[in-house]
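# Architecture and fold: a report
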Amino acid sequence: MAPLATGRGGVSRRSYQALTIVAEIAVPVALLIAWQLWTVHAASPKFPRLSTILVDFRDMWLFSQFGTHVVPSLERIGAGFGIAVVAGIALGIPLGLSRWARLAAMPHIEYWRAVPPPALLPISIVLLHSIGNVQKIVFIAFFCLFPVLLNTIDGVRGIDPTFIDTARSYGLRRFERIRRVVFPAALPQIVAGMRNSLSLAVITMVLSEYFSSTSGVGYVLLISKNTFQFAPMWAAILLIGVLGYLLNVLFILAERRVLAWHRGWRAAASV
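Notes on the structure in this doc start here. As the structure is a computational prediction, the values presented were derived from the model and not from experiment. (Residues numbered from 1 in each chain as written. Predicted model: local features only at pLDDT ≥ 70, side-chain atom pairs only at ≥ 80, totals over all residues. Heavy atoms only, no water.)

What follows is about the packing of helix α5 (residues 117-128) against helix α8 (residues 174-211). Packing of α5 against α8 brings their axes to within 11 Å, and their N-to-C directions diverge by 45°. The angle between α5 and α8 places the two elements in the oblique class. As for the relative orientation of α5 and α8, their crossing is right-handed in sense. Contacts between α5 and α8 involve Pro117, Pro118, Leu121 and Ile125 from the former and Thr204, Leu207, Ser208 and Phe211 from the latter. (Axes fitted to C-alpha atoms, helices over the stretch in contact; angles between N-to-C directions. Helix = DSSP H or I, 4+ residues; strand = E, 2+ residues; numbered from the N terminus. Parallel < 35°, antiparallel > 145°, perpendicular 65-115°, else oblique. Left-handed = near helix turned anticlockwise from the far one by under 90°. Contact = heavy atoms within 4.5 Å.)

Attention now goes to the side chain of Ser73. Tracing the backbone through its elements, the reader meets Ser73 in helix α3 (residues 66-97). A polar contact of 2.8 Å, which involves the side chain of Ser73, links it to the side chain of Glu209. (Polar contact = N/O pair within 3.5 Å; in protein donor to acceptor, adjacent residues only side chain to side chain.)

Core analysis: the largest hydrophobic core is formed by 48 residues, its most contacted members being Trp61, Phe81, Ile109, Met194 and Leu239. Sorting the residues of this core by element identifies α2 (50-64), α3, α4 (99-114), α6 (133-157), α8, α9 (217-226) and α10 (230-258) as the ones contributing at least two each. Top element by residues in this core is α8. It accounts for eleven residues. Residues Val115, Leu121, Phe139 and Phe143 belong to the second largest nonpolar core, which totals six residues. (Core = buried A, V, L, I, M, F, W, Y, C linked by side-chain atoms within 4.5 Å. Buried < 20%, exposed > 50% of the residue type's maximum accessible area, 1.4 Å probe, protein only.)

Side chains of Leu54, Leu238, Val242, Tyr245, Leu246, Val249, Leu250 and Leu253 sit close together on the surface and give an oily, nonpolar patch of about 680 Å² of accessible area. The greatest single-element share of the nonpolar patch, amounting to seven residues, is contributed by α10. By relative accessible area, Leu253 is classed as partly exposed at 46%. (Patch = residues over 30% accessible without salt bridge, like charges linked within 9 Å, V, L, I, M, F, W, Y side chains within 5 Å. Areas by Shrake-Rupley, 256 points an atom, 1.4 Å probe, with all protein chains shown as cover. Salt bridge = Lys/Arg side-chain N within 4 Å of Asp/Glu carboxyl O.)

Any aromatic ring pair is given by two values, namely how distant the centres are and how the planes are angled relative to each other. Tallied over the entire structure, the rule returns eleven aromatic pairs. Ring geometry for Tyr111 versus Trp112: centroids 5.1 Å apart, planes at 85°, classification edge-to-face. For Trp112, a relative accessible area of 37% gives the class partly exposed. Between Phe228 and Phe230 the ring centres are 6.3 Å apart and the planes differ by 65°, which places this aromatic pair in the edge-to-face class. On the accessibility criterion, Phe228 (61% relative accessible area) is exposed. Joined through ring pairs, the aromatic side chains of Tyr111, Trp112, Phe139, Phe142, Phe143 and Phe146 make up one cluster. (Phe/Tyr/Trp six-rings, centres within 6.5 Å; stacked < 30°, edge-to-face > 60°.)

Let's shift gears to unusual backbone geometry. Working note: non-glycine residues mostly have negative phi, and peptide bonds are mostly trans. Residue Phe228 is not a glycine yet carries a positive backbone phi of 60°. For Phe228, the location among the structural elements is in the loop between α9 and α10.

Moving on: the environment of Ile153. Within the secondary structure, Ile153 sits in helix α6. Along the sequence, Ile153 and Lys136 sit 17 residues apart, while their C-alpha atoms lie 26 Å from each other. Discounting chain neighbours no more than four positions away, the residues touching Ile153 are Gly92, Leu95, Gly96, Arg102, Met106 and Ile109.

Tracing the chain through its elements places Glu209 in helix α8. Within the structure, the side chain of Glu209 is placed 2.9 Å from the backbone nitrogen of Gly218, a separation counted as a polar contact. Setting aside residues no more than four positions away along its own chain, Glu209 makes contact with Ser73, Arg76, Ser215, Gly216, Val217, Gly218 and Tyr219.

Each pair of packed helices gets described by two things: the angle between the helix axes and the distance between those axes. Contact geometry for α6 and α8: axes closest at 7 Å, N-to-C directions at 155°. If you check the angle between α6 and α8, you find them roughly antiparallel. For the pair α6 and α8, the sense of crossing is right-handed. Looking at the contact of α6 with α8 residue by residue, the class counts come to 16 nonpolar, nine polar and two charged. (Nonpolar A, V, L, I, M, F, W, Y, C, P; charged D, E, K, R; others polar.)

On to the environment of Tyr16, then. Secondary-structure assignment places Tyr16 in helix α1 (residues 13-42). The class for Tyr16 is partly exposed, based on a relative accessible area of 30%.

This next bit is on α2. Here α2 spans 20 Å end to end across 15 residues, near enough to the 21 Å set by a 1.5 Å rise per residue. Where α2 is buried, its residues contact α1, α3, α9 and α10. (Expected span 1.5 Å × (residues − 1).)

Attention now goes to α10. Helix length check: α10, at 29 residues, gives a terminal C-alpha distance of 42 Å against a target of 42 Å (1.5 Å per residue), a fit within 8%. Regarding α10, the residues found buried are Phe230, Ala231, Pro232, Met233, Ala235, Ala236, Leu239, Ile240, Leu243, Phe251 and Ile252. Those residues of α10 hidden inside the fold are in contact with α2, α3, α8 and α9.

Right, here's the structure in full:
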């Protein structure tokens, strides 16, 4: 019988994967148990028991308010993130290919990237508040743009010039060179920027809904805080973390499929 493939430290790959899963689950479970044990004895209204929070989480987010508040939040995340990805790639590829365009654009990119989201929230509310969801989607898209844009620029700049020269020598037109050579070669770094943008999308979604919305998870968080409903407030915080975690897991699964060729190429190159 062929021996099992071994992972780190001589442990079989299957055992290593099982230990990894157990380690990922054990820490949050231990924290939740510690929360429950501490709140049972603390009896503080600001820190309700975990069991109370979970009951509110089930009643609010799995049933009554899922369509009213969770779905609009997910729609805003999806729209803002999608716009940021398309715009970041569309702007990043030409900036990565052109040194002069990059020199002209980088000071503006770095300036707006350095502005924290709360600083621009008031002006976005003033300018776009009357257009409904547009204000929140634009706000999310604007701040999600920069990780994708900068990673696209760096990914294009890091391409071996020999690849582009070879494609040019074969008579490929500019659009075909971008589609067949530039974009695939920069894709791993673009995907890394997209993953950072996805976490930013959740953050900016909560921020925009907290200050300028009548629906969404951020709005429920605001109302719970203002009315001193601490268990629903903690349930909303728990939901935000769960949404961020699940979106990240889904993104990783999609990334593995999209970049399967890249992992195979790296494995072959390392042999």
